[in-house]
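# Observations on the model geometry
Residue-level listing of the chains:
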Amino acid sequence: MSYGLLTAGAVFVLFPLYMAVVTSLLTPGEYGHQPPLLWPPHPQWHVYVDAFTSGGMGHYMLNSLIQSSAITFGTVLTSLFAAYAFAYLDFPMKRVLFVVVIATLMVPFEVTVAANFQTISILHSYGTTLGLIFPFLAGSLGIFLLRQAFLQVPKEMRDAAFVDGYGELGFLFRVATPLVRPMLATLTVITFLGAWNQYLWPLLLTANNANIRTVQIGIRALYQSNIQSVGEYLAGTIIGVAPLIIILFVFQKQLIANLHAGAVK
């Protein structure tokens with residue numbers, strides 16, 4: 001029974017993606033076929049090549065890869081240091097500062113757009129890759145998740161590490177970080193997916209510089225420039241989604257392990 005429900009749920013979730021692939025391969029005369037075709041009789045595979053080359057999706061994906069990788073690296077690194085400090089170190093107003101960090105989780109990104117835009121303008125980074133990356137190099141969600149993971153590591157291990165000659169950084173990177181690897185993998189995936197799927201901020205920052213457009217803005221540009229070619233637009237969409245599917249497939253074991261770790265005390 002449970003497997004049947006899971007299968008039905010998977011079909012329900014994946015069917016729109018399947019239909020997008022099928023529709024992208026149809027000829028223009030087959031778009032309005034009734035009932036809708038569930039398999040392309042004459043697959044137009046060239047639309048994927050056109051979207052990747054002449055449509056610019058290859059360039060947009062490279063931009064997104066650079067942006068998302070930099071944001072992910074910066075967020076994970078800053079979250080590691082901040083979470084370690086909140087979990088193990090003692091300093092003035094520690095609890096107050098942690099509450100402030102957690103409170104920022106409730107602030108929508110749209111509220112901070114104006115302030116971020118002004119900051120980027122002051123730094124003369126408008127219309128640059130640095131401008132796309134800089135506001136997202138730290139995140140309160142990552143700090144919270146890793147702090148909770150670090151709190152599960154016994155403090156006695158930290159004391160033992162100090163006896164063995166490790167300092168704070170030695171204990172962080174050689175002992176604590178490997179122990180919270182499932183949570184670290186989860187944070188990496190969440191951050192990368194969020195960076196890859198950004199729309200509003202890249203839309204503002206790339207308005208005057210098409211060379212740094214990311215995938216999401218590239219898909220919008222592809223639709224506007226090929227409004228009559230539904231197949232090429234959908235092909236670009238599938239190309240933009242493909243890396244996310246690959247990442248979820250590669251990290252599925254770590255994600256599942258983290259879910260189990262959170263469910264079992």
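All figures in this text were calculated on a predicted structure; none of them were measured in a lab. (Residues numbered from 1 in each chain as written. Predicted model: local features only at pLDDT ≥ 70, side-chain atom pairs only at ≥ 80, totals over all residues. Heavy atoms only, no water.)

This paragraph deals with the overall build of the protein chain. Across its full length, the protein chain holds 14 helices and zero strands. Secondary structure elements in the protein chain, listed N-terminal to C-terminal, are α-α-α-α-α-α-α-α-α-α-α-α-α-α. For the C-alpha atoms alone, the extent of the protein chain along its principal axes is close to 75 × 60 × 30 Å. Considering the protein chain as a whole, with its 265 residues, one finds that 40% of them fall into the buried category. Here the contacts in the protein chain between residues at least 6 apart in sequence split such that 70% fall between residues at least 24 apart. Looking at the protein chain as shown, the accessible area adds up to about 15500 Å², and 70% of this sits on carbon and sulfur atoms. For the protein chain, the separation between the mean place of its 11 positive charges and that of its 9 negative charges on side chains is 8 Å. (Helix = DSSP H or I, 4+ residues; strand = E, 2+ residues; numbered from the N terminus. Buried < 20%, exposed > 50% of the residue type's maximum accessible area, 1.4 Å probe, protein only. Contact = heavy atoms within 4.5 Å. Areas by Shrake-Rupley, 256 points an atom, 1.4 Å probe, with all protein chains shown as cover. Lys, Arg positive; Asp, Glu negative; His and termini not counted. Charge placed at Lys NZ, Arg CZ, Asp CG, Glu CD.)

Moving on: the layout of surface pockets. The computed volume of the largest pocket comes to approximately 900 Å³. Phe 109, Phe 136, Ala 138, Gly 139 and Ser 140 are, among the 26 residues lining the largest pocket, the residues nearest its centre. Where the lining of the largest pocket is concerned, the elements lending two or more residues are helix 3 (57–88), helix 5 (109–122), helix 7 (140–150), helix 10 (181–196) and helix 11 (200–205). The biggest single contributor to the lining of the largest pocket is helix 10, with five residues. Of the residues in the lining of the largest pocket, the class split is 15 nonpolar, 11 polar and no charged. (1 Å grid on protein atoms, 1.4 Å probe; cavity = no way out; pocket = protein on both sides within 12 Å on 5 of 7 lines; lining within 4 Å. Points joined across faces, edges and corners; volume = space filled by probe spheres on them. Nonpolar A, V, L, I, M, F, W, Y, C, P; charged D, E, K, R; others polar.)

So, about the packing of aromatic side chains. Scanning the entire structure with this criterion turns up 14 aromatic pairs. On the basis of an interplanar angle of 55° and a centroid distance of 5.9 Å, the ring pair of Phe 86 and Phe 91 is categorised as tilted. Note on Phe 86: relative accessible area 10%, which makes it buried. Assessed through its relative accessible area of 28%, Phe 91 is described here as partly exposed. Considering the side-chain rings of Phe 117 and Tyr 126, the 5.4 Å spacing of their centres and the 70° angle between planes classify their relative orientation as edge-to-face. The class of Phe 117 is partly exposed, set by a relative accessible area of 30%. Among the residues examined, Tyr 126 registers a relative accessible area of 30% and is labelled partly exposed. One aromatic cluster in this structure is built from Tyr 84, Tyr 88, Phe 150 and Phe 171. Here Arg 147 stacks its cationic end above the ring of Phe 98, 4.1 Å away from the centre of that ring. (Phe/Tyr/Trp six-rings, centres within 6.5 Å; stacked < 30°, edge-to-face > 60°. Lys NZ or Arg CZ within 6 Å of the ring centre and 35° of its normal.)

Tyr 48, Ala 51, Met 57, Trp 196, Val 215 and Ile 239 are the most contacted members of the largest nonpolar core, which has 21 residues in total. Secondary structure elements with two or more residues in this core: helix 2 (46–52), helix 3, helix 10, helix 12 (215–225) and helix 13 (230–250). At five residues, the largest contribution of residues to this core is made by helix 13. With residues up to four places along the chain from it excluded, the contact list for Met 57 reads Ala 51, Phe 52, Val 215, Gly 218, Ile 219, Leu 222, Gly 236, Ile 239 and Gly 240. In this structure, Val 76, Tyr 88, Ala 149 and Val 175 belong to the second largest nonpolar core, which totals 20 residues. (Core = buried A, V, L, I, M, F, W, Y, C linked by side-chain atoms within 4.5 Å.)

Let's shift gears to the side chain of Arg 158. Note that Arg 158 resides in helix 8 (residues 155–163). For Arg 158, a relative accessible area of 13% gives the class buried. At 3.3 Å, the side chain of Arg 158 and the side chain of Tyr 84 are in polar contact. Those residues in contact with Arg 158 that sit more than four places away from it in its chain are Tyr 84, Tyr 88, Leu 89, Glu 168 and Phe 171. (Polar contact = N/O pair within 3.5 Å; in protein donor to acceptor, adjacent residues only side chain to side chain.)

Right, let's talk about the packing of helix 8 against helix 9 (residues 168–179) for a bit. Contact geometry for helix 8 and helix 9: axes closest at 10 Å, N-to-C directions at 135°. The angle between the axes of helix 8 and helix 9 places the two elements in the oblique class. Crossing of helix 8 against helix 9: the hand is right-handed. Residue-level contacts link Met 157, Arg 158, Ala 161 and Phe 162 of helix 8 to Glu 168, Phe 171, Val 175 and Leu 179 of helix 9. Looking at side-chain class alone, the contact of helix 8 with helix 9 contains six nonpolar, no polar and two charged residues. (Axes fitted to C-alpha atoms, helices over the stretch in contact; angles between N-to-C directions. Parallel < 35°, antiparallel > 145°, perpendicular 65-115°, else oblique. Left-handed = near helix turned anticlockwise from the far one by under 90°.)

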